[in-house]
Every structure is written in structure tokens, then in C-alpha cells.
Amino acid sequence: VQLQAFGGGLVQAGGSLRLSCAASGRAVNSYIVAWFRQAPGKEREFVAGIMRTGVRKYYADSVKGRFTISRVNPENTVYLQVDSLKPEDTAVYYCASTKRPFGQIPTTSSTYDFWGQGTLVTVSS
């Protein structure tokens, strides 16, 4: 499966964006999908993940209550609604997927097999 992330941009603190992860090549409904982010000089970190049916989701503590992950399988797209943005949310955001039969959402980047190219989110104070 090929993934393409888009929707990033420059936004003021407190603002919102909707990031999209569009899949092609395979139906995304058989994949766990997650969003990661990487700020300059920092390691890539898990942000949010969603299981195949879209019922089970998991968030990093730093974004819980502000970010919402969702998926529309017929559209082969996973979304990340990012609200109440803070300057520390500034990073390149990546979507990733795995078809491996995990029973829960992995939070380690090495467990994901497919990655999008990333979309930059910049939050000004």
C-alpha cells in the first residue's frame, strides 16, 4: 500500500487543521494506521492510531483530548483532526500502516511497514 499524507500548514496557537492520509494500491481497511510526528532535533514519536474497523483508537498523552483520529474505509483515507494546537505540536507528521495481526495499536515506529512522505505542521505562538 502507498500512503500520502497532506493537510499540514502554518497555524496560530489554538488553531486547527485536518490531516489526511490517503492510501492507494491496497484497501486500507485491512491495515492498522497510525500517525507519528518528528520535531527538529527530536526522535519520531507516536501520536495516534486506529484499528482496522475504526472502533478502537489510542492517543499519546500529549495529544489526548485535542487530536482525533478517524478513518473512512470506503474512501481509503485516515484523518487526524488536530485542535487546540500548541507551538510544541510543530513537527512533520507522518502516517504509517501495518497489516500484521496485532491485537492492539503499536506505538513503536519500527513495527509499521508502510509510511507516507510527511506533512509539515507549524504552530506559531
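The coordinates are above.
The notes below deal with the structure included here.

1. Structural notes on the state of the cysteines
Such a bond, covalent and formed between the sulfur atoms of two cysteines, is termed a disulfide. In this structure the tally under the stated criterion is one disulfide. Here Cys21 pairs with Cys95 through a disulfide, and the sulfurs are 2.2 Å apart. One quick way to see it: the torsion about the S-S bond of Cys21 and Cys95 is about 75 degrees, and its sign makes the bridge right-handed. With Cys21 in strand β3 (residues 17–24) and Cys95 in strand β9 (residues 91–98), this residue pair connects regions lying 74 residues apart in the sequence. The class of Cys95 is buried, set by a relative accessible area of 0%.

2. Here we look at the packing of aromatic side chains
Under the defined criterion, the tally for this structure stands at seven aromatic pairs. Between the aromatic rings of Tyr31 and Phe114, the centroid separation amounts to 5.9 Å while the plane-to-plane angle is 80 degrees, which identifies the pairing as edge-to-face. Taken together, the residues Tyr31 in the loop between β3 and β4 (32–38) and Phe114 in strand β10 (residues 114–115) connect sequence positions 83 residues apart. Classification of Tyr31 by relative accessible area gives buried; the value is 4%. Judged by relative accessible area, which is 29%, Phe114 ranks as partly exposed. Considering the side-chain rings of Phe36 and Phe46, the 5.6 Å spacing of their centres and the 80 degrees angle between planes classify their relative orientation as edge-to-face. Of the two residues, Phe36 sits in strand β4 while Phe46 sits in strand β5 (residues 45–50), which places them ten residues apart along the sequence. Each member of the pair Phe36 and Phe46 is classed as buried. These aromatic residues form a ring-pair network of at least three members: Phe36, Phe46, Tyr58, Tyr94, Tyr112 and Trp115. The ring of Tyr94 carries Arg44 above its face, with NZ or CZ at 3.9 Å from the centroid.

3. A short note on the side chain of Arg66
Tracing the backbone through its elements, the reader meets Arg66 in the loop between β6 (57–59) and β7 (67–72). One polar contact links the side chain of Arg66 to the main-chain carbonyl oxygen of Ser84, over a distance of 2.9 Å.

4. Regarding the environment of Gly116
With respect to the helices and strands, Gly116 occurs in the loop between β10 and β11 (119–124). Owing to a relative accessible area of 11%, Gly116 belongs among the buried residues under this scheme. When the C-alpha positions of Gly116 and Leu3 are compared, they lie 4.5 Å apart, and in sequence the two are 113 residues distant. If we skip the residues at most four places from it in the chain, Gly116 touches Leu3, Tyr94 and Cys95.

Conventions adopted
Along each chain, numbering runs from 1 in the same order as the chain's sequence is written. Two thresholds apply to this predicted model, a pLDDT of at least 70 for residue-level local features and 80 or more for giving and counting side-chain atom pairs, whereas whole-chain, interface and lining totals are computed over all residues. Side-chain numbers come from the whole structure's heavy atoms, not from hydrogens or water. Note on terminology: pairs of cysteine sulfur atoms within 2.5 Å are recorded as disulfides. Each helix corresponds to a stretch of at least 4 residues labelled H or I by DSSP, and each strand to a stretch of at least 2 residues labelled E; elements are numbered beginning at the N terminus. Buried, partly exposed and exposed residues are distinguished by accessible area as a fraction of the type maximum, computed with a 1.4 Å probe on protein chains only: under 20%, between the cut-offs, and over 50%, respectively. Side-chain rings of Phe, Tyr and Trp, where Trp is taken by its six-membered ring, are said to pair if the distance between their centres is within 6.5 Å; with planes under 30 degrees apart they count as stacked, over 60 as edge-to-face, and otherwise as tilted. Charge-over-ring placement is defined geometrically: NZ (Lys) or CZ (Arg) within 6 Å of the ring centre, and within 35 degrees of the ring normal. Polar contact is the term for a pair of N or O atoms within 3.5 Å; when the atoms are in protein, one must be able to donate a hydrogen and the other to accept it, and sequence-neighboring residues count only if both atoms are side-chain atoms. The contact criterion used is simple: two residues touch if any of their non-hydrogen atoms lie within 4.5 Å.

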